[in-house]
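Notes for the structure review
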Amino acid sequence: MDLAFTEADEDFRKELRTWLDANLPQEMRRSEFWADKSDAEQFQIRRDWEAGKAKAGFAGIQWPTEYGGRGGTPGMKAIYDQEMVLANAPTTVNPLGLAFLAPTVMFLGTEEQKKTIIPELLHNKTIWCQGFSEPGAGSDLAALQMKAEKQGEEYVVNGQKIWTTNAMHGDKIFTLARTGPSEASRHAGISMLLIDMHQPGVEARPLKQMSGASEFGEVFFTDATCPITEILGGENEGWKVAMLLLSFERGSSAIGQYTEFRKMWDEVARAALSTDRDGEPAAKDPVLRQKLAEQLVDLECLKYHSWHILTSTSKGKDLGFEASMTKLMWSETFRNLSDVYSDVVGPQFQVAGRPGVSRGELTTMALWSRSCTIWGGSSQVQRTVVAERVLGLPK
Ligand SMILES: Cc1cc2nc3c(=O)[nH]c(=O)nc-3n(C[C@H](O)[C@H](O)[C@H](O)COP(=O)(O)OP(=O)(O)OC[C@H]3O[C@@H](n4cnc5c(N)ncnc54)[C@H](O)[C@@H]3O)c2cc1C
């Protein structure tokens, strides 16, 4: 296992740091900057800033240069993830487009799709949503019901999606719908459609999360239309396309997440020192000390696991189902650390800030952590994947 980046990768770090120093205003790095801004204002600021970053060449770090990427190494991508966290830079507003859609289009899109979809999403001209989950189809995605009927040169789409990240900001949605017969198999007769969300037949409604934000929503399709050319990977081939698309979550190390949660651990420890418990700092409580130490150990395990993954991917290894172990490790480490924070502060940590006092960054992170063991494959489902596909245990 390599435990250091190459010299060339470190040169990239210097270049990125110099750019961030000059282009990420100090106030944007502080949580107070965002506190009094609406969801829409925050989104627009992040969208514009990220577009500037892409223009400067700090996006699509590992993408081939022919698609506007940097043609970088896995090490450069890991450094990018670290530096963005260390600078407290805004996170991407186009995660589904960048992480899932673009690599899928590079792999199996038509030349026209490659030319139009990729540059537009790289520069945030199009914000993409992912329309997979439905009220009756989450972990069991093949239970999806949305229908798309071919009428002349277009599909007419009816149905509902849910938990759609960025539903209120999306310009387009890559979504799964039933376009053909599925008697032979539930996985048959599904297509991946690329639907324009700015049309009367598409209605997005926000869902309020416990943090107070509405990062996701529901999307209703009522006789929405989609030209038959706006299909990815061929009619009735949607299941295969979806599996390929989801596989792009694999293969990345969790060095960015480690960096973020290690920073969080320091803040939780500081909170334990400054929180009074029966006349003494909470940090003196032996049970809490044990929990903090346990989290530090888990974080170190996450760090070395991340280096192991980075070494493997740098040597060209395809991680396959092993990637589920990374997802399990980072999401559960994050959630457990958040639970320790809740132990330090007490249950009032869940309560919204007092008037004039915004909710702290730690609280927002702790509330967000609850979702990370659900999206992208729940922990229970990931454990089954590891048991059956990595360890070869019987079903
Ligand atoms: C913050 C957030 C953002 C999201 N963004 C998107 C998005 O942009 N687009 C999108 O399409 N979806 C999105 N999702 C939805 C996400 O993919 C689903 O929530 C997830 O797939 C789980 O589905 P479900 O919520 O229907 O739960 P269910 O599948 O109903 O699961 C309920 C519980 O049962 C367990 N369970 C289910 N099946 C099994 C099994 N076979 N074995 C053992 N346990 C099982 C699960 O682990 C879970 O604990 C998002 C979710 C969240 C929380």
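Up top is the structure.
Residues numbered from 1 in each chain as written. Predicted model: local features only at pLDDT ≥ 70, side-chain atom pairs only at ≥ 80, totals over all residues.

1. Some details on the overall build of the protein chain
Counting its regular elements, the protein chain contains 12 helices and 10 strands. What you see for the protein chain is a C-alpha radius of gyration of 22 Å, in line with the 21 Å of a compact globule of 395 residues. In terms of overall dimensions, the protein chain has a C-alpha envelope of 75 × 50 × 45 Å along the principal axes. Across the 395 residues of the protein chain, 34% fall into the buried class. (Helix = DSSP H or I, 4+ residues; strand = E, 2+ residues; numbered from the N terminus. Rg over C-alpha atoms; globule rule 2.2 N^0.38 Å. Buried ≥ 20, exposed ≤ 12 C-beta atoms within 10 Å, placed from the backbone.)

2. Focus: unusual backbone geometry
Of note, the phi angle at Asn 124 is positive, near 60°, even though the residue is not glycine. By the secondary structure assignment, Asn 124 is in the loop between helix H6 (111-122) and strand S1 (128-131). Residues other than glycine seldom take positive phi values, yet Asn 166 does so here, at roughly 65°. Secondary-structure assignment places Asn 166 in the loop between strand S3 (154-165) and strand S4 (172-178). In this structure Asn 166 comes out as buried when scored by C-beta crowding, with 23 C-beta atoms within 10 Å.

3. Here's the deal with the site of the ligand
Residues in contact with the ligand amount to 18 residues; listed here are only the nearest, Phe 132, Gly 138, Ser 139, Thr 165 and Ser 378. Only S1, S3 and helix H12 (379-390) provide two or more residues apiece to the shell around the ligand. Along the lines of polarity and charge, the residues of the shell around the ligand split into seven nonpolar, 11 polar and no charged. For the shell around the ligand, the domains that each give at least three residues are domain 2 (128-236) and domain 3 (255-390). (Near = placed C-beta within 6 Å. Nonpolar A, V, L, I, M, F, W, Y, C, P; charged D, E, K, R; others polar. Domains from an automatic or database assignment.)

4. Some thoughts on the environment of Val 381
The topology assignment puts Val 381 in helix H12. For Val 381, a count of 15 C-beta atoms within 10 Å corresponds to the partly exposed category. Each C-alpha atom, one on Val 381 and one on Ala 4, is 33 Å from the other, the two residues being 377 residues apart in sequence.

5. Brief notes about the packing of helix H5 (residues 95-108) against H6
Close contact between H5 and H6 brings their axes to 10 Å; oriented N to C, the two are set at 160°. Of the possible angle classes, the one that applies to H5 and H6 is roughly antiparallel. Here H5 runs over H6; the crossing is left-handed. Between H5, through Gly 97, Leu 98, Leu 101, Ala 102, Val 105 and Met 106, and H6, the contact on the second element is made entirely by Gln 113, Lys 114, Ile 117, Ile 118 and Leu 121. A class-by-class count of the residues in the contact of H5 with H6 yields eight nonpolar, two polar and one charged. (Axes fitted to C-alpha atoms, helices over the stretch in contact; angles between N-to-C directions. Parallel < 35°, antiparallel > 145°, perpendicular 65-115°, else oblique. Left-handed = near helix turned anticlockwise from the far one by under 90°. Contact = placed C-beta atoms within 7 Å.)

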